Amino acid sequence: MAMFIRVDFDASLQGDADLKRRLVEVCPVDIFALDGDTLTTVDANLDECTLCDLCIDAAGERVRVVKLYE
Amino acid sequence: MRLYEYEAKQMLAKHGVALPKRTLARTAEEAEVGARELGGATVLKSQVLSGGRMKAGGVLFADTPDEARAAAARILALAINGQQPAGVLVEERRDIAQEYYVAVTWDARAKRPVIVFSDMGGIDIEEVAQTHPAHVSRTHFSNLRPLSDYVAKLAVARTGVTGNDLAPLTRIVLNLARIFVQYDLTLAEINPLAKLADGSFIALDSHMDMEEEARGGQRALLGELGIADADTRQARPPTPFEVEGARVDAADTRGVAGRVVEFDGNMGLVIGAGGGSLTLFDAVRSAGGRPANYCEIGGNPSVAKAAALTKLVLSKPGVERIAVMMNVVSNTRADIMARGVIKGCIDAGRDPARTIAIFRIPGSWEKEGAKILARYGVEYVNRSVSMHEAAQRAVAKMG
């Protein structure tokens, strides 16, 4: 269970295969993964988020990084 | 990584430094055979990775092979500073006219290697330096440029050596300096370097330490010396705590959480950053603290790695609190470390606010780190508090 970071994304992302692939590629700590065609987040890696914003650069407001300590 | 005397002598022999005739014996029977083959009087020396062999009874003399056998049996049964000997070096005994000292080591302040030479060898060089400073020379050289004969000659001549002794001593010093550079040593020492009655010179004892990180690059040499990868050359076997520390470090390639060493104190240390570990460990000791461990964490470890190290330190019986301290860091993020140590505390069933005596990691992402710590009731200490003051505060909280 992540203690510090939660990553939310819009359900609409599931319909964009290219963007899903990009999210998996850009995250340096492998928070995003594809389970078949379904985009998911890897719970064990959420707290490793470096707040680099590469996912936000890729998907804009459709991805939100939430700091649970704020 | 320390080498045994017999290994150091293998290296000297390979590079043309004269040595007494010798043989390595693993049993008293082998020592007797070796002494018989050498003929005459012998000296038998315990092969341990520790100093103080003579005082501990690890160096004995024998006039006959029978005496050599008895002496070897005594030496092989004798642990010195907790170490069982790897064997007994049986050497011919030589008549000595004069003893010299030569060592090449690294001068951290000068950031260059230095040759230390004395015409008063065989005894503690620090004592000679204090009582007879004119008899000890220190000569720096570059480990990047080719080493010239002149530097070695200068090291010898500075102690007043002249005449027929100058050239042979220069050759030995030059060879030792080249061995030092070529094999990534941190210390190459011959003491005593003996002048015999016939005017020749031989290395009677030698001590060499290799840079631990050089093991990979010096694989060929280690193979020649018969040193296996698993032969760590530590002064004692690692404790289960230290083994687990090495496993934590190896399990995740991100950052470093290494060199975990166990002590018997009550203050766990999660410390690091560019030599900061040593400074902080000393600072805790100076403040009267009793460290439970030493470690080096840095290089931007993952949250998981910092958490695993923290949990390990807290698992040690008697550890009441941990001090999380670093020098000012640019290559390790304070917020990632904050997440890691808090997670480690909680995974260990501890309250971070009561467990973390101090958190001082000034540098990159420190404001974010402070927010995380505040959320869990842990005070963040910034760079306005020196490392020594931070250590004092942590020790004061131990009660």
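Residues numbered from 1 in each chain as written. Chains lettered and ligands numbered in written order. Predicted model: local features only at pLDDT ≥ 70, side-chain atom pairs only at ≥ 80, totals over all residues.

*Asks:* Whenever I open this one, the interface of chain A and chain B confuses me. Can you help?
*Replies:* Note on interface size: it is often stated as the accessible area lost on association of the parts. Listed as interface residues are six residues of chain A and, on the opposing side, eight residues of chain B. Residue composition of the side of chain A that touches chain B, grouped by class: three nonpolar, no polar and three charged. (Contact = placed C-beta atoms within 7 Å. Nonpolar A, V, L, I, M, F, W, Y, C, P; charged D, E, K, R; others polar.)

*Asks:* Can you help me understand the sheet that holds strand β3 (residues 59-62) of chain B in this one?
*Replies:* Either a parallel or an antiparallel arrangement is found when strands of a sheet pair, and the pairing is made through backbone hydrogen bonds. Residues and elements named next belong to chain B. Reading across from one edge, β1-β4-β2-β3 is the order of the four strands in this open sheet, with antiparallel pairing throughout. A single partner strand is all that each edge strand has here, and the edge strands are β1 (22-25) and β3. Direction aside, the axes of adjacent strands within the sheet are offset by 20 degrees on average. Of the pairings in the sheet, the one linking β1 to strand β4 (residues 88-92) comprises four bridges and is antiparallel in character. Within β4, the residue paired with Ala25 across the bridge is Val88. (Pairing = 2+ DSSP bridges. Helix = DSSP H or I, 4+ residues; strand = E, 2+ residues; numbered from the N terminus. Axes fitted to C-alpha atoms, helices over the stretch in contact; angles between N-to-C directions.)

*Asks:* Explanation requested: helix α1 (residues 5-14) of chain B in the structure shown.
*Replies:* Of the positions making up α1(B), those classed as buried are B:Glu5, B:Glu7, B:Ala8, B:Lys9, B:Met11 and B:Leu12. Phi turns positive one or two residues past the end of α1(B), at B:Gly16, with a value near 85 degrees. (Buried ≥ 20, exposed ≤ 12 C-beta atoms within 10 Å, placed from the backbone.)

*Asks:* Can you help me understand the sheet that holds strand β15 (residues 356-360) of chain B in this one?
*Replies:* Residues and elements named next belong to chain B. The strand order across the open sheet built from three strands is β12-β14-β15, with neighbouring strands paired in parallel fashion. Unpaired on one side and paired on the other, β12 (267-272) and β15 mark the two borders of the sheet. Across the sheet, the axes of successive neighbouring strands diverge by a mean angle of 10 degrees, strand direction being ignored. Helix α11 (residues 303-315) rests against β12 and β14 (321-326) of the sheet, and its axis sits at about 155 degrees to β12.

*Asks:* Looking at this model, I keep getting lost on the pairing of strand β10 (residues 206-210) of chain B. Mind explaining?
*Replies:* The two faces of a sheet get side chains in turn, since along a regular strand they alternate between them. Residues and elements named next belong to chain B. The two faces of β10 differ: Ser206, Met208 and Met210 on one face are buried, but His207 and Asp209 on the other face are not. Two strands pair when backbone bridges link them, and strand β8 (residues 185-196) and β10 are joined in this way by five bridges, in the antiparallel orientation. Bridge pairing in β10 places Leu185 opposite Met210.

*Asks:* Whenever I open this one, the environment of B:Arg94 confuses me. Can you help?
*Replies:* Residues and elements named next belong to chain B. Looking at the element boundaries, Arg94 is found in the loop between β4 and β5 (96-107). The sequence separation of Arg94 and Val114 amounts to 20 residues, and the corresponding C-alpha distance is 30 Å. Once you skip the residues sitting within four places of it in the chain, Arg94 turns out to touch Pro20, Ala194, Leu196 and Ile202.

*Asks:* Is there a simple way to think about the packing of helix α12 (residues 334-347) of chain B against helix α14 (residues 366-375) of chain B in this case?
*Replies:* In a pair of packed helices, the angle between the axes and the distance between the axes together describe the arrangement. Residues and elements named next belong to chain B. Put simply, α12 and α14 touch, their axes get as near as 7 Å, and they point 25 degrees apart. The angle between the axes of α12 and α14 places the two elements in the roughly parallel class. Contact with α12, carried on its side by Ala334, Asp335, Met337, Ala338, Arg339 and Ile342, involves Glu366, Glu368, Gly369, Ile372 and Leu373 of α14 and no other residues of that element. Split by residue class, the contact of α12 with α14 holds six nonpolar, one polar and four charged. (Parallel < 35°, antiparallel > 145°, perpendicular 65-115°, else oblique.)

*Asks:* Is there a simple way to think about the domain arrangement of chain B in this case?
*Replies:* As assigned here, chain B comprises domain 1 (21-92), domain 2 (96-225) and domain 3 (240-397). Taken over C-alpha atoms, the centre of domain 1 of chain B sits 46 Å from the centre of domain 3 of chain B. (Domains from an automatic or database assignment.)

*Asks:* Please explain the environment of B:Ala134 as it appears in this structure.
*Replies:* All names here are of chain B. Secondary-structure assignment places Ala134 in the loop between α5 (125-131) and β7 (136-140). Using a count of 10 C-beta atoms within 10 Å as the deciding quantity, one classes Ala134 as exposed. Between the alpha carbons of Ala134 and Ser118 there is a distance of 8.9 Å; along the sequence they are 16 residues apart.

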